[in-house]
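Each chain, letter by letter, is given below.
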2 protein chains.
Amino acid sequence: MIKVAVDAMGGDNAPVEMVAGAVEAVKIRPEIHVLLVGQEKVIEAELSKYTFDKERIHVVNASEIIATEEPPVNAIRKKKDSSIVVGMNLVKSGEADAFVSAGSSGAVLVGGQVIVGRIKGVERPPLASLIPTENGVSLLIDCGANVDARSSHLVQFARMGSIYMEHVVGVKQPRVAIVNIGAEEEKGNALVKETFPLLKECSDLHFTGSIEAREIPHGGADVIVCEAFTGNVILKLYEGVGATLIHMVKKGMMSTLRSKIGALLVKPALKTTLKAFDASQYGGAPLLGLKGLVVKTHGSSTRTEVRNSIIQCVTFKEQQINEKIRQALNTEQPTSPIS
Amino acid sequence: MIKVAVDAMGGDNAPVEMVAGAVEAVKIRPEIHVLLVGQEKVIEAELSKYTFDKERIHVVNASEIIATEEPPVNAIRKKKDSSIVVGMNLVKSGEADAFVSAGSSGAVLVGGQVIVGRIKGVERPPLASLIPTENGVSLLIDCGANVDARSSHLVQFARMGSIYMEHVVGVKQPRVAIVNIGAEEEKGNALVKETFPLLKECSDLHFTGSIEAREIPHGGADVIVCEAFTGNVILKLYEGVGATLIHMVKKGMMSTLRSKIGALLVKPALKTTLKAFDASQYGGAPLLGLKGLVVKTHGSSTRTEVRNSIIQCVTFKEQQINEKIRQALNTEQPTSPIS
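Nothing here was measured: the structure is a model prediction, and the numbers come from that model.

Conventions adopted
Residues numbered from 1 in each chain as written. Chains lettered and ligands numbered in written order. Predicted model: local features only at pLDDT ≥ 70, side-chain atom pairs only at ≥ 80, totals over all residues. Heavy atoms only, no water. Buried < 20%, exposed > 50% of the residue type's maximum accessible area, 1.4 Å probe, protein only. Helix = DSSP H or I, 4+ residues; strand = E, 2+ residues; numbered from the N terminus. Pairing = 2+ DSSP bridges. Right-handed = clockwise from strand over helix to strand, strands pointing away. Axes fitted to C-alpha atoms, helices over the stretch in contact; angles between N-to-C directions. Parallel < 35°, antiparallel > 145°, perpendicular 65-115°, else oblique. Left-handed = near helix turned anticlockwise from the far one by under 90°. Contact = heavy atoms within 4.5 Å. Nonpolar A, V, L, I, M, F, W, Y, C, P; charged D, E, K, R; others polar. Buried area = accessible area lost by both parts, 1.4 Å probe. Salt bridge = Lys/Arg side-chain N within 4 Å of Asp/Glu carboxyl O. Polar contact = N/O pair within 3.5 Å; in protein donor to acceptor, adjacent residues only side chain to side chain. Domains from an automatic or database assignment.

Asker: Can you break down the pairing of strand β8 (residues 206-212) of chain B residue by residue, with the values?
Answerer: Residue and element names in this part refer to chain B. Of all 7 residues in β8, 5 are buried, a share of seventy percent or more. Of the strand pairs in this sheet, strand β7 (residues 175-180) and β8 are connected by 6 bridges, and their pairing is parallel. Its bridge partner being in β8, V176 is matched across the sheet by F207. Tracing the backbone out of β7, into helix α7 (residues 190-201) and back to the parallel element β8 gives a crossover that is right-handed.

Asker: Account for the packing of helix α9 (residues 257-275) of chain A against helix α9 (residues 257-275) of chain B, with residues named and values stated.
Answerer: Across the interface, α9(A) lies against α9(B) with an axial gap of 7 Å and an inter-helix angle of 135 degrees. Classified by the angle between their axes, α9(A) and α9(B) sit oblique to one another. Between α9(A) and α9(B) the crossing geometry is left-handed. Residues R258(A), S259(A), I261(A), G262(A), A263(A), L264(A), L265(A), V266(A), P268(A) and A269(A) of α9(A) pack against R258(B), S259(B), I261(B), G262(B), A263(B), L264(B), L265(B), V266(B), P268(B) and A269(B) of α9(B). Residues that form the contact of α9(A) with α9(B) fall into these classes: 14 nonpolar, 4 polar and 2 charged.

Asker: How would you sum up the interface of chain A and chain B? Please name residues and give values.
Answerer: Taken together, the contact between chain A and chain B spans 52 residues of the former and 52 residues of the latter. Between chain A and chain B the total buried area reaches about 4,900 Å² when both faces are included, carbon and sulfur atoms providing 75% of it. It is I181(A), F229(A) and L237(A) in chain A that bury the most area against chain B; as a group they hold 14% of the surface buried on that side. Between E212(B) and K236(A) there is a salt bridge; the shortest N-O distance is 2.4 Å. Our count for the chain A to chain B interface comes out at 16 residue pairs in polar contact (both at pLDDT 80 or more). Of all the secondary structure elements, the ones that give two or more residues to the side of chain A that touches chain B are β7 (175-180), α7 (190-200), α8 (228-253) and α9 of chain A. Looking at which element gives the most residues to the side of chain A that touches chain B, the answer is α8(A), with 19 residues. In terms of residue class, the side of chain A that touches chain B is made up of 29 nonpolar, 16 polar and 7 charged.

Asker: Could you give an account of the sheet that holds β7(A), with specific residues and numbers?
Answerer: In sheet architecture, strand pairing relies on hydrogen bonds along the backbone and comes in two forms, parallel and antiparallel. All names here are of chain A. The mixed open sheet is built from 5 strands, whose spatial order is β5-β6-β9-β7-β8. Two strands lie at the open edges of the sheet, namely β5 (128-133) and β8 (206-212), each paired on one side alone. The sheet shows a mean angle of 30 degrees between the axes of neighbouring strands, taken without regard to direction. Strand contacts of helix α6 (residues 151-169): β5, β6 (136-141), β7 and β9 (223-225), with the helix running at about 150 degrees to β6, the strand carrying the most contacts. Strand contacts of α7: β7 and β8, with the helix running at about 170 degrees to β7, the strand carrying the most contacts.

Asker: Would you mind going over the domain arrangement of chain A in detail, with residue names and values included?
Answerer: Residue and element names in this part refer to chain A. You can read the domains of chain A as domain 1 (1-122 + 289-319) and domain 2 (124-279). Its C-alpha centre places domain 1 at a distance of 26 Å from the equivalent point of domain 2. Of the residues lining the interface, 13 residues belong to domain 1; the matching set on domain 2 comes to 12 residues. Summed over both sides, the interface between domain 1 and domain 2 buries roughly 1,000 Å², with carbon and sulfur atoms accounting for 64% of that surface. When the area that domain 1 buries against domain 2 is broken down by residue, the three leading residues are L109, V122 and H298, summing to 36%. Seen at the junction of domain 1 and domain 2, the total is 0 salt bridges. Contributing elements (two or more residues each) for the side of domain 1 that touches domain 2: α5 (105-116) and α10 (303-318). Within the side of domain 1 that touches domain 2, the residues separate by chemical class into 4 nonpolar, 7 polar and 2 charged.

This is the structure:
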């Protein structure tokens, strides 16, 4: 059995899609129990639309909501009865194994560190996102938690990402690469130049060197390591270029009578292909290195992403990822960082 | 009349495509004269394939070639008779107005600064690249020259980019934005937080605030300011995601008999649409802020990009961009940087 707390009030489509995703998750996986956190009456009204096993979805009341634009540190400190703070506390106390939220990224990141807390030895918990590639998926780490990170942080990101990719996604000996602006070791900014030799020394990693951004969509590495500013730019540009091109392809197909007829014939095949490039399939982004699991899903998440984010918590718990991270980061390594 | 020196030996497709692009350029624009720089015999052999106005294409011999993998500073210092050094010297001496090269990026950047030299007041010459968007093009500056740049550099990039976009591309009052990982002023890394208020104070700029990477392909700003590591990641990911998606669309269309028939009907319309998203249309990336014009084109440039890169030099000269940059950067501004 696994208990997942879900922020019913966070995200653009809350509570409708959050509740729907929770219902779908418990129907698909018998071991999942969900705690829907938020305003009780609102959630109950939403839940009344569905039939489901009442033993496996419970509501935990939280009267407040943290808005996206609120300064995160302040919000976490003051809104003790918000869905995010209450949900995080459920993880801290052990009443839940994981917390899934589509709410304020800043509040989720701050709450994860302040309330759930870091695993001993972890300097900075990174946000890790699976991104689609030509051959499957890669893990982009850090995609949003720690801007201006240091080289020792990046080494930890690489090690945590490698564990996640191997044991949650199932990639044996994942290839780890650092985002750079050229393939050669001497290329890069100060941070990359400092981090590169440290990664080379990590005997527990299959480090393959630099990866240029151009190679990311081709699946050039399994674990793509970067500082969060770069990672966030990559994540969002990925979405932006993808959306724009698909929009342009559709527009092009609708531009002449001939192409419209062609579009009808092409559509089913194209849908299957492009689905593979849809990030929402892969669930949310875990904040790694915490004493518990916190998963951030897109603010625009629909039930599918919510459902998949809940389901991904099962493998995380089964594979004891946190125990593996604890062991890896507390084992003596030549590059072991001192905070 | 404008004289453009072209590096006939640089790039993956040299000398064939470089020479072909030069021939095309002089045929299209009567005011263009080209100096093809490189190994005389090789160039003459290539030129003999074409008919063209012999008065308007001349060969300038340069016996050496700088390879992409050579350390740039060393290469520029030692290979005095390389096509890049000879070409840059033609600009320095005024025998050419501009130099176009598809060769080693590092050598072009170093050569531009060391041989051609900076305009007074310019701290760091940035590389500026036009990137396609849904609505036309935006200027990405700096896309590769100065990693670990400082805030005063970014302010200069914004001002030079704005001049380029207004007078070369013809966008009135270009919207200037800084790449960030959130829309709010307090978001970002240390560099962005420091640069944001400085840009706000620039009365000569139409500064619109932060731009998230997701909005770049939608044409969210005309001049997109960033430090070169981020800019290079954006440029290369743009190409990578675009290439991957187009590849996947084609694969999807070829997957069933039905879709194959549809593909035939869709093809012409789709080609027109996707051409608008092809970066090679827009010529190369100028290194702004030099006493002369240096344009870096893709290493993989074909004749079309070479031709367009040569033609873009005409507007640059006609509009006296360097004079405008000199005036703008030497006028007292509240944010005027001290090196």
